[in-house]
Amino acid sequence: MSRRWGLEAKIGAVLVAAVMALSVLSLVYTPHPVYEMVSGARDLAPSLTHPFGTDSFGRDQLSRIMVGGRYTILVALVTVFGSALIGSAIGLTIGYFSGALDTAVMRLVDALSAFPGILLALIFVAVLPASSLTIVIALLILFIPGFTRIMRSSMLTWRNLDFVNTALVMGAGHFRIITRHIFPNLLPVLLSALIIGLSNAILAEATLSFLGLGIQPPTPSWGRMLAEAQSHLFSAPWCAVAPGLMIILTVLGFHFLGEGIRKRYC
Amino acid sequence: MRAPASQSLLRVEHLGVGLRQRQRRQKRQHTIRAVEDVSLTVNAGEIVGIVGESGCGKSLTALSVMGLLPAAMELVGGSIVFENERLDQLRERNLNAIRGNRLTMIFQEPMSSLNPLMRIGRQLAEPLVLHGVSTAGAIRERVLEAMGKVGLRDPETLLRAYPHQLSGGMLQRVMIAAAIVCRPRLIIADEPTTALDVTTQAQILRLLRQINQTDQTSILFISHDLGVINQICDQVLVMYAGRIVERGTVGNVLWHPVHEYTKGLIKSIPTRRSKGAPLPSIRGRVPALAEEKAGCAFAPRCPAAHSQCFLEVPDELALSDFHQVNCFLADVESEMEYVRI
Ligand SMILES: Nc1ncnc2c1ncn2[C@@H]1O[C@H](COP(=O)(O)OP(=O)(O)OP(=O)(O)O)[C@@H](O)[C@H]1O
Ligand SMILES: [Mg+2]
């Protein structure tokens, strides 16, 4: 616990803010229409009109990255907040009450985490039709165990503190104690887990889209753009650099921010 | 005051608390008891003390009454009646309607007994919110009234403060304010002054006494300090190894102790006259929970124990209406005092 925000948190905040700003800006403005294919402008190297060059269909990379960021971040936000909500509810409950339910749920969580995440996601995507919704559901389930574990262990340390007894003595019920008395104390932990979760979700979404299982064309997505750039890696390397750089910067940004928050409060 | 026709507010009978058995195969009689056959009565407006060495089951007795035994412990018999309601048979929801309202508790560590992230104002309002005072104005009025009663000055600033900004003595006052804000009939105070310095301790004791006198609030006061008990209590129960060994009015028990354990406790209080001399202490130690206890638990440490003491558990012997003792050595005939002191 430290008094001030570290450099980490500041760099993270700037990076995240920049990526967010680009994505939000794409709602009202992109340098070129995203879906416009210009046959005379294929595989152009970066220039003033196309800062990140164009791909083999003659689409402006910058515009596609901006719009792709929107989807990537949206998917990450929805999955992470969804799984944080479900995971927290489960983790807080089993941590507070302990007992047989706790043991049972934790074994399930262990089993779920023992699977390589990508395999689990692949199973979902194989069973359900490939779409943005599928990827959201797959990632959602993938991230629940992490939040369950974190919230449960924090609950275990907090629920035996004296002030919980004070609340009980005042006549507060268990639900109120969990939500009003203990949960606010766990917010910093949750916040840092949320933000690190966002960076993981962005990576996972990129991976799945790279494998062609995530966001479907023509909707741009960073992972998909990377995959498409693969075949032109030598003729048009900028096609890979642009989405790759975005993924790195975003993931790094969220990671720094999460670490910064953790160092400050936990 | 001669035996007032006071109504009993809290009546605990034959309370037993044991370590929860994990294996169902283990038989009941092997249950490890931390509290055994404890009976006590708190009348309206009375302060009753429980005294005893560390680990003798004082807190567990108190927590049983509140329905807040630690997970490892369970009730293994007895009854707890508060205002004509069997607390031990009440559902959680009904218990919550009583806790914090008519029956409440104060703990030893004021520093950790308040929520670090909640402003004092909200923590003081919590019992009111939980017990049906809903308008902001009414809550404010009651909170300020309680703060006034416990002598907390500058309430406006205090309401907005967080616990870490206050001293231990102030926090204990806040705890007491939170306890009395719903005007309870009984407060259980588990070593409320142990964590405080001597001056603050005296102030808190005075405060509790004052609350007891002005509001007729009964207090079950737990302490291992006989001096404190002597100052504040009307009745006292002496506990040893999970059982009550001697009980009665403070005057009778503390000034004319009969049980060797009580005598030992009193002898080991440092006094001005004993200055310089080595402080007497009771030889031996409190038996561990799991130790097999045949006979009187104090027998191995008792200077006057005879063979019967090691074989049977003594029943309660009434020396008078105001003094009972569980000891084979006590002799009604030789007892001089039959009056309430
Ligand atoms: N959660 C628990 N799990 C196991 N044993 C416990 C638990 N709580 C209390 N005990 C045991 O029960 C016995 C009585 O404990 P209790 O807390 O009532 O003692 P006490 O008289 O309040 O002592 P102190 O003066 O130290 O507060 C002790 O031997 C203690 O070790
Ligand atoms: Mg105790």
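This text goes with the structure placed above it.
Everything numeric here is computed off the predicted structure, so don't read it as measured data.

Draft legend 1. Broad picture of the overall build of chain B. Scanning chain B from N- to C-terminus turns up 10 helices and 13 strands. Put simply, 65% of the contacts in chain B that link residues at least 6 apart link residues at least 24 apart. For chain B, the exposed surface amounts to about 16800 Å²; the carbon and sulfur share of it is 50%.

Draft legend 2. Molecular detail of the site of ligand 1. All names here are of chain B. The environment of ligand 1 is formed by 15 residues, the closest being Ser 54, Gly 55, Lys 58, Ser 59 and Leu 60. A distance of 2.9 Å is found between an oxygen atom of ligand 1 and a backbone nitrogen or oxygen belonging to Lys 58. For ligand 1, the accessible surface in isolation is 630 Å², of which the surrounding protein chains cover 67%.

Draft legend 3. Here's a closer look at the packing of helix α1 (residues 7-25) of chain A against helix α9 (residues 238-265) of chain A. Residue and element names in this part refer to chain A. Two elements in contact, α1 and α9, have axes whose closest approach is 7 Å; the angle formed by their N-to-C orientations is 140°. Classified by the interaxial angle, the pair formed by α1 and α9 is oblique. In this structure, α1 meets α9 at a crossing whose hand is left-handed. Only Met 246, Leu 249, Thr 250, Leu 252, Gly 253, Phe 254, Phe 256, Leu 257, Glu 259, Gly 260 and Lys 263 of α9 make contact with α1, whose side of the interface consists of Glu 8, Ala 9, Ile 11, Gly 12, Ala 13, Leu 15, Val 16, Val 19, Met 20 and Leu 22. Residue composition of the contact of α1 with α9, grouped by class: 14 nonpolar, 4 polar and 3 charged.

Draft legend 4. Here's a closer look at helix α8 (residues 222-230) of chain A. All of the buried residues in α8(A) are Trp222(A), Gly223(A), Arg224(A), Met225(A) and Ala229(A). For α8(A), the secondary structure elements touched by its buried residues are α1, α2 (61-97), α7 (174-210) and α9 of chain A.

Draft legend 5. Spotlight on the nonpolar core. Leu10(B), Leu40(B), Leu103(B) and Leu220(B) are the most contacted members of the largest nonpolar core, which has 88 residues in total. Here this core takes 14 residues from α7(A), the largest share from any one element. Not counting residues within four places of it along the chain, the set of residues in contact with Leu220(B) comprises Leu10(B), Leu40(B), Val42(B), Val48(B), Ile50(B), Leu186(B), Ile187(B), Ile188(B) and Ala189(B). By size, the runner-up hydrophobic cluster in this structure holds 62 residues, among which are Ala179(B), Ile211(B), Ala241(B) and Val245(B).

Draft legend 6. Looking closely at unusual backbone geometry. Residue and element names in this part refer to chain B. Even without being a glycine, Asp 37 presents a positive backbone phi close to 55°. Positionally, Asp 37 belongs in strand β2 (residues 33-43). By relative accessible area, Asp 37 is classed as partly exposed at 40%.

Draft legend 7. Structural context of the packing of helix α5 (residues 132-158) of chain A against α7(A). Residue and element names in this part refer to chain A. Contact geometry for α5 and α7: axes closest at 9 Å, N-to-C directions at 150°. Of the possible angle classes, the one that applies to α5 and α7 is roughly antiparallel. Viewed along their axes, α5 and α7 form a crossing whose handedness is right-handed. A per-class count over the contact of α5 with α7 returns 19 nonpolar, 5 polar and 1 charged.

Draft legend 8. Region of the structure containing the environment of Ala242(A). Residue and element names in this part refer to chain A. Mapped onto the fold, Ala 242 is located in helix α9. The exposure class assigned to Ala 242 is buried, which follows from its relative accessible area of 0%. As for Ala 242 and Thr 79, which are separated by 163 residues in sequence, their C-alpha atoms are 25 Å apart. Not counting chain neighbours up to four residues away, the residues in contact with Ala 242 comprise Phe 52, Gln 61 and Ile 65.

Draft legend 9. Spotlight on the interface of chain A and chain B. In this assembly, 17 residues from chain A lie in contact with 27 residues from chain B. Of the roughly 1700 Å² buried at the junction of chain A and chain B (both faces included), carbon and sulfur atoms supply 58%. There are 1 salt bridge connecting chain A and chain B. When the shortest N-O distance is used, the salt bridge between Arg176(A) and Glu126(B) registers 2.6 Å. In this structure, the connection of chain A to chain B is made through 11 residue pairs in polar contact (both at pLDDT 80 or more). Breaking the side of chain A that touches chain B down by element, the ones donating at least two residues are α6 (162-170) and α7 of chain A. Looking at the side of chain A that touches chain B, its residues break down into 7 nonpolar, 7 polar and 3 charged.

Draft legend 10. Molecular detail of the sheet that holds strand β3 (residues 47-51) of chain B. Residue and element names in this part refer to chain B. Taken in spatial order, the 8 strands of this open sheet run β7-β8-β9-β3-β10-β11-β13-β12, and their pairing is mixed. Only two strands of the sheet have a single neighbouring strand rather than two, namely β7 (103-106) and β12 (317-320). Each strand axis lies, on average, 20° off the axis of its neighbour in the sheet, ignoring direction. Taken together, the 6 bridges between strand β10 (residues 235-240) and strand β11 (residues 243-249) define a ladder with antiparallel strand orientation. Across the sheet, Met 239 pairs through a bridge with Ile 244, a residue of β11. Strands β7 and β8 (186-190) of the sheet are contacted by helix α6 (residues 168-180), whose axis makes an angle of about 175° with β7.

Draft legend 11. Looking closely at the side chain of Ser218(B). Inspection of the secondary structure puts Ser218(B) in strand β9 (residues 218-223). Leaving out residues up to four positions away in the same chain, Ser218(B) has contacts with Leu9(B), Val42(B), Asn43(B), Ala44(B), Gly45(B), Glu46(B), Arg185(B), Leu186(B), Ile187(B) and Asn212(B).

Conventions used here
- Residues numbered from 1 in each chain as written.
- Chains lettered and ligands numbered in written order.
- Predicted model: local features only at pLDDT ≥ 70, side-chain atom pairs only at ≥ 80, totals over all residues.
- Heavy atoms only, no water.
- Helix = DSSP H or I, 4+ residues; strand = E, 2+ residues; numbered from the N terminus.
- Contact = heavy atoms within 4.5 Å.
- Areas by Shrake-Rupley, 256 points an atom, 1.4 Å probe, with all protein chains shown as cover.
- Near = heavy atom within 4 Å.
- Polar contact = N/O pair within 3.5 Å; in protein donor to acceptor, adjacent residues only side chain to side chain.
- Axes fitted to C-alpha atoms, helices over the stretch in contact; angles between N-to-C directions.
- Parallel < 35°, antiparallel > 145°, perpendicular 65-115°, else oblique.
- Left-handed = near helix turned anticlockwise from the far one by under 90°.
- Nonpolar A, V, L, I, M, F, W, Y, C, P; charged D, E, K, R; others polar.
- Buried < 20%, exposed > 50% of the residue type's maximum accessible area, 1.4 Å probe, protein only.
- Core = buried A, V, L, I, M, F, W, Y, C linked by side-chain atoms within 4.5 Å.
- Buried area = accessible area lost by both parts, 1.4 Å probe.
- Salt bridge = Lys/Arg side-chain N within 4 Å of Asp/Glu carboxyl O.
- Pairing = 2+ DSSP bridges.

Distances and angles like these do not, on their own, reveal function.
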